[in-house]
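Summary of structural features
Read off the chains here:
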Amino acid sequence: APNQNCVELCHFLMRNYGKRFYFVGTDYVYPRVSNKIVRDFVTSNEGEIVGEKYVNLNARHHDYAPIMRDIKLKKPDVIFSTVVGRSTADLYQSYHDFVFDPKVLPIASLTTTEAEINAMGTDVGEGHITAAPYFEGINNKASLGFTKRYKQRYGYDQTTNTCVETAYFQVHMFAEALKTSNSLLTDKLRANVLGIDYEAPQGNVSINLSCGHADVWTRVGRANRRGLFDILYSSKSAVMADPYLLSYGTGKSIA
């Protein structure tokens with residue numbers, strides 16, 4: 001939910017880089033709604049959106065060149081990316097071609113995982129920011145065991161990521177609900193999955209009774225040359241899902 005990633009990422013970016021944001025996204029509902037949420041937070045904290053561009057799902061390297069030229073012209077403090085899929089690597093490679101410095105102007109994302117960093121090249125991805133509940137570098141018993149088993153099965157050159165970890169804990173939760181309900185009927189499964197918890201690689205997670213979303217951890221990481229993320233911020237426990245941001249009134253400061 002937005003309060004579990006967008007909010008803390010905005011905190012971090014506005015504290016450490018500045019308040020001038022440039023949006024780049026894939027042209028469908030998730031990026032447009034995410035950017036609307038971030039726009040509200042940024043502008044309510046005296047920030048500014050200096051550009052907003054969208055590309056199709058099949059965008060390639062050359063499609064980003066005009067956007068990079070516009071970024072050079074607008075001089076934002078942060079590039080906020082909601083680009084997804086194979087096109088993600090092309091965005092970062094185009095950024096790299098234009099010789100931007102992620103120490104000064106990072107690309108910040110909710111969707112760029114270890115998989116995308118390794119696809120684009122770790123030299124290209126180094127220094128960029130992602131907010132996610134899980135990164136491979138989490139040093140707890142569940143995460144270390146999960147990573148070890150994953151690499152044994154899929155190859156030691158493979159990295160885990162937040163999508164892999166989410167699929168993993170959700171299957172375990174589904175199995176527990178199925179065992180309890182002994183039925184595939186949705187109403188029976190839902191009744192048994194609400195409130196369930198599981199010791200996931202990210203830490204203990206649960207399904208929120210009030211909204212049915214997962215209560216997951218909030219983390220911000222910076223990609224390093226090894227294709228992993230150095231964790232810069234971590235919540236102390238899972239963050240209760242607030243999918244409609246009811247706890248954030250209009251104009252409420254987050255910075």
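Right above here is the structure, for reference.
Now for a description of the structure that goes with this document. Remember, predicted model here, so these are calculated numbers, not experimental data. Each chain has its residues counted from 1, running along the sequence as written. The predicted nature of this model means local features are confined to residues of pLDDT at least 70 and side-chain atom pairs, given and counted, to a pLDDT of 80 or more, with totals for whole chains, interfaces and linings taken over all residues. Heavy atoms from the whole structure form the basis of all side-chain values; hydrogens and water molecules are not counted.

Strand pairing requires that DSSP identify at least two bridges connecting the strands. Counting from the N terminus, the helices are the DSSP runs of H or I reaching at least four residues and the strands are the DSSP runs of E reaching at least two. Taken in spatial order, the seven strands of this open sheet run E2-E1-E3-E4-E5-E9-E10, and their pairing is mixed. Strand pairing shows two members of the sheet lacking a second neighbour, strand E2 (48-55) and strand E10 (229-234), which therefore form its edges. Averaged over all pairs of adjacent strands, the angle between their axes in this sheet comes to 25 degrees, without regard to strand direction. Bridging between strand E1 (residues 20-26) and strand E3 (residues 78-82) involves five bridges; their strand directions are parallel. Note on method: axes are straight lines fitted to C-alpha atoms, helices fitted across the in-contact stretch only, with angles between N-to-C directions ranging 0 to 180 degrees.

With that out of the way, let us pick up the packing of helix H8 (residues 162-181) against helix H9 (residues 186-193). Direction vectors running N to C along H8 and H9 enclose 115 degrees, while the axes themselves pass 8 Å from each other. Taken together, the axes of H8 and H9 lie roughly perpendicular to each other. Our pair here, H8 against H9, has a crossing hand that is right-handed. Residue-level contacts link Met173, Phe174, Ala177, Leu178, Thr180 and Ser181 of H8 to Lys188, Leu189, Asn192 and Val193 of H9. Amino acid classes used here: Ala, Val, Leu, Ile, Met, Phe, Trp, Tyr, Cys and Pro are nonpolar; Asp, Glu, Lys and Arg are charged; the rest, including Gly, are polar. Partitioning the contact of H8 with H9 into residue classes produces six nonpolar, three polar and one charged. Angular relationships are summarised with four words: roughly parallel below 35 degrees, roughly antiparallel beyond 145, roughly perpendicular across 65 to 115, and oblique for the angles in between. By the definition used in this description, the sense in which the near helix is turned from the far one sets the handedness, with an anticlockwise turn below a right angle giving left-handed and a clockwise turn giving right-handed. By definition, residues are in contact when any of their heavy atoms lie within 4.5 Å.

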